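# Analysis of the macromolecular model
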Amino acid sequence: MPQAGPGVSPVEGVTYVGIDTLQEQTRLKALRRGYTFNLLVVGRSGLGKSTFVNTLFKATVARRKSGEEEPLPSTTEVKTVSSSLSEGGVRLNLTITDTPGFGDHINNENCWEPIVSYIEAQYGRYLQEEQKVDRLLHIPDTRIHCCVYFIPPTGHSLSSLDVEVLQRLDKIVNVVPVVAKADTLTLEERAAFKERIRADLSDHAIKVYPLQEYEDLDDAPENMKIRERLPFAVVGSTTWHEIHGKKLLGRRSNWGLVEVENKSHNDFAYMRDMLIRTHMQDLIGSTAERHYENFRRARLSTKTTSKVNIVNGQDTDHMEDLNESKI
Amino acid sequence: MAAVAVERPPSPSSSHASGIGDGTSREGSIPSSTSARSVSSPVFTSLSPDLHLGDWYIDQIDEKIRTLKLSGHVGFDSLPDQLVAKSTQNGFTFNILCIGETGMGKSTLMDTLFNTSFESNPAPHTLPAVKLKSHTYELQESNVRLKLTIVDTVGYGDQINKGDSFTAIVDYIDKQFDDYLQEELKIKRSLSAYHDSRIHACLYFICPTGHGLKSIDLVCMKKLDSKVNVIPVIAKADTISKSELTKFKQRIIQEIKANGIQIYQFPTDDDTMAKVNTEMNNQIPFAVVGSTDFVRVGNKMLRARQYPWGTVQVENESHCDFTKLREMLIRTNMEDMREVTHQRHYELYRKKILETMGFSDVGQDNQPVSFQQTFEQKRVEHREELQRKEDEMRQTFVLRVKEKETELKEVEKELYTKYDTLKREHAEEKKRYEDLKKRLDEEKAEFQKRKHQVATQQLTSHTLTLGKTKKK
């Protein structure tokens with residue numbers, strides 16, 4: 001029953017107006033448009049990044065390094081693979097960006113720079129398209145929506161390289177830290193490791209997704225639970241095994257089978273739920289609203305130097321200035 | 001449900017050998033015709049050098065997008081639900097503009113459409129110019145919040161000379177676009193929190209004369225059709241009979257087509273809605289009746305207008321097209337109207353404004369020019385212009401000052417000479433008076449002497465006389 005807001009008298013009659021069909025209309029529109037999601041995986045080689053991504057999306061979205069390795073690139077490279085997935089009528093254009101060569105050298109100084117400039121290049125390209133006079137209606141979105149950072153399962157704490165990179169990345173992109181190959185740690189070791197990592201993250205003021213300061217009140221309890229579980233300790237696998245007639249994804253070894261989707265074995269299911277089933281829209285939205293806007297603001301303020309205009313003593317950063325002068 | 005699976009084996013890609021500093025490698029460089037490329041990405045032009053992005057531009061994105069099949073349930077089919085939840089949280093905005101002569105029933109129709117009483121006072125007929133009044137209301141139904149803004153034209157069609165009627169309307173619409181553009185161009189902007197006041201739908205109320213459109217209707221709709229979604233409705237449709245109505249509608253459509261007016265067509269590209277929308281498109285303009293009164297019909301209270309000869313029920317499809325209008329406007333195409341406003345009308349406006357201000361995507365040598373460059377150029381030019389004007393003003397000011405000085409000096413000189421002559425005259429007068437005074441003094445002194453002489457002489461003569469008389 002529609003109620004009117006301030007300044008208007010309350011409802012009369014019981015007929016249904018139909019405003020709540022807006023939800024359905026939005027849904028239809030979203031289905032037609034399709035979605036784009038860009039994921040960046042960062043971590044040393046051999047941590048199972050490509051396997052993890054393939055497990056996450058249940059398709060070979062990332063190229064796994066086969067037996068014949070190419071020579072290790074001497075600087076960090078940035079490689080992207082795009083795929084189109086479809087489920088339940090929803091189209092998803094997924095782009096996985098990989099960073100081979102990261103952290104694999106003896107001297108790893110500045111190995112994060114290609115990554116940082118890649119991320120900023122995507123923002124820059126979006127900005128450029130947005131500012132054109134004759135621009136496309138749907139600007140193709142290549143901005144990185146989420147960066148999954150793989151932490152090697154040493155069991156100690158974050159290494160200095162990890163700290164350096166995370167400090168730089170968390171300001172420009174949504175970062176989700178993940179403990180790779182978690183089946184090498186026992187549950188107690190995992191818990192202790194996570195504690196230490198969380199302490200390290202707060203010591204160095206690294207803000208990982210979900211960000212506390214920007215969340216709505218409704219999402220707060222859910223996000224608290226996610227934050228308590230960070231970083232996710234995951235195991236990835238694309239091989240199916242048959243146990244008691246059920247087909248399961250997992251890693252089999254002599255002493256047992258680590259099930260990927262089993263919540264008591266590892267955090268993969270939580271990670272997947274957060275990334276895909278509950279927070280994907282938020283990841284896309286917060287990249288566009290926060291990180292991109294930060295970038296845009298910084299980029300536009302450096303280009304237009306804010307000198308004080310002598311004539312009328314105002315800052316001429318604003319476009320209105322030109323509007324006035326036009327007349 | 002799952003898309004076609006095509007997977008190309010990885011070829012020993014030659015781009016790996018191109019070495020260090022290469023931004024991307026393209027996966028699989030075989031242009032195979034068997035691949036099912038479901039989505040083709042646009043090709044980007046290279047970024048302009050002033051963005052300082054070094055080597056990390058991707059100068060072509062004709063990446064081969066592979067379509068993959070999922071081997072299990074991933075879960076991103078909940079994405080639209082996530083989006084819906086987010087939008088519901090934020091709330092929706094919708095702005096309607098009602099154009100029509102006074103007394104057409106615009107406010108009543110709004111009340112009927114949204115089933116509330118918006119409490120607007122009926123407008124007088126004596127306004128000298130068309131004015132626009134906007135009111136914002138917050139409506140809520142189940143958990144969906146809608147911020148509805150209704151803009152009314154007051155005084156439309158009341159003047160003797162109606163030539164200027166639409167300028168106020170066009171200016172208002174342009175101003176809303178302009179506000180949005182300003183917000184979009186700001187450095188520190190917050191587009192999600194910005195209250196979008198651009199007009200999403202314009203209901204144009206046609207007088208139910210039964211003959212056709214008036215010329216002011218044609219002129220006004222023509223001016224607005226590229227700025228806003230125009231939906232013509234026939235107001236007070238209960239004054240027209242059914243047969244007249246069909247003829248009237250045909251006439252209106254004919255006239256609209258003949259004048260090339262682009263009224264809003266309901267979208268027919270989506271399969272779910274296509275059939276309904278095409279049907280509705282054929283019934284434009286809708287003949288509507290609005291009512292704020294409830295009349296008992298049977299055992300229900302319905303919105304209706306009661307006449308001595310019968311009752312016109314608003315929600316009865318055979319009586320008028322109100323339900324169709326409500327269905328199309330609110331329940332089916334609200335979102336589409338917002339999208340068309342943003343993507344077509346607003347973009348057109350933006351392009352026009354930027355072009356008139358001199359921005360373009362292509363510079364003088366046909367090089368792609370970024371917004372920033374043009375902006376910087378304009379700013380520099382503007383500064384120079386201002387500087388020049390300032391210098392000019394300063395010069396004229398100095399000249400004037402000089403002139404004034406010389407004038408004043410001359411006046412001063414004159415004053416001095418006057419003063420001198422006056423002083424001289426004054427001195428002469430003084431001398432004359434002094435002379436006179438001296439003479440007067442001299443005369444006075446002589447007079448005194450004579451007086452004294454005469455006095456003494458009288459005494460002596462007097463004694464003489466006395467002596468004479470005694471001797472006898």
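What this report covers is the structure whose coordinates are included nearby. These numbers come from a predicted model, not from an experiment.

Another aspect to go through is the overall build of chain A. On a plain count of helices and strands, chain A comes out with 9 helices and 9 strands. Considering chain A as a whole, with its 327 residues, one finds that 55% of them fall into the buried category. Intrachain contacts of chain A at a sequence separation of at least 6 include 67% that bridge at least 24 residues.

A:Phe57, A:Leu169 and B:Phe76 are the most contacted members of the largest nonpolar core, which has 85 residues in total. When residues in this core are grouped by element, the largest group, 7 residues, is from helix α3 (residues 113-131) of chain A. Contacts of A:Phe57, omitting those with residues within four sequence positions, involve A:Leu39, A:Leu85, A:Leu92, A:Leu94, A:Ile96, A:Ile276, A:Met280, B:Leu70 and B:Val74. Grouped together as the second largest cluster of nonpolar side chains are 83 residues, B:Phe94, B:Val233, B:Ile256 and B:Cys320 included.

On to α3(A), then. Helix length check: α3(A) (19 residues) gives 26 Å between terminal C-alpha atoms against 27 Å at 1.5 Å per residue, within 8%. The element α3(A) is extensively covered by neighbouring structure, given that 16 of its 19 residues are classed as buried.

The next subject is the pattern of salt bridges. Under the defined criterion, the tally for this structure stands at 39 salt bridges over all chains. Across the pair A:Lys132 and A:Glu129 runs a salt bridge, and its minimum N-O distance is 3.2 Å. A relative accessible area of 7% places A:Glu129 in the buried class. The partner of B:Glu385 in a salt bridge is B:Arg388, and the shortest N-O contact between them spans 3.1 Å. Placement of the pair is B:Glu385 and B:Arg388 together in helix α9 (residues 371-470), with a separation of 3 residues, close to one helical turn. For B:Glu385, a relative accessible area of 34% translates into the label partly exposed. Look at B:Arg388 and you get partly exposed, because its relative accessible area is 44%. Connected through salt bridges with shared partners, the residues A:Lys58, A:Glu261, A:Lys263, A:Arg272, A:Asp273 and A:Arg277 form a single ionic network.

Scoring rules and cut-offs
Per chain, residue numbering runs from 1 following the sequence as it is written. Whichever chain is written first is A, and whichever ligand is written first is 1; the rest continue in order. Thresholds applied to this predicted model are a pLDDT of at least 70 for local features of residues and 80 or more for the giving and counting of side-chain atom pairs; totals over whole chains, interfaces and linings are not thresholded and use all residues. Excluding hydrogens and water, the side-chain values take into account all heavy atoms of the structure. Only runs of H or I of at least four residues qualify as helices and only runs of E of at least two qualify as strands under DSSP, and these elements are numbered from the N terminus. Throughout, exposure labels follow a simple rule: accessible area from a 1.4 Å probe, protein chains only, divided by the maximum for the residue type, with under 20% read as buried, over 50% as exposed, and the rest as partly exposed. Here, two residues are considered to be in contact whenever any of their heavy atoms come within 4.5 Å of each other. Here, nonpolar core means buried Ala, Val, Leu, Ile, Met, Phe, Trp, Tyr and Cys residues that are tied together by side-chain atoms lying within 4.5 Å of each other. For a helix, the expected span equals 1.5 Å multiplied by the number of residues minus one. The term salt bridge refers to a side-chain nitrogen of Lys or Arg lying within 4 Å of a carboxyl oxygen of Asp or Glu.

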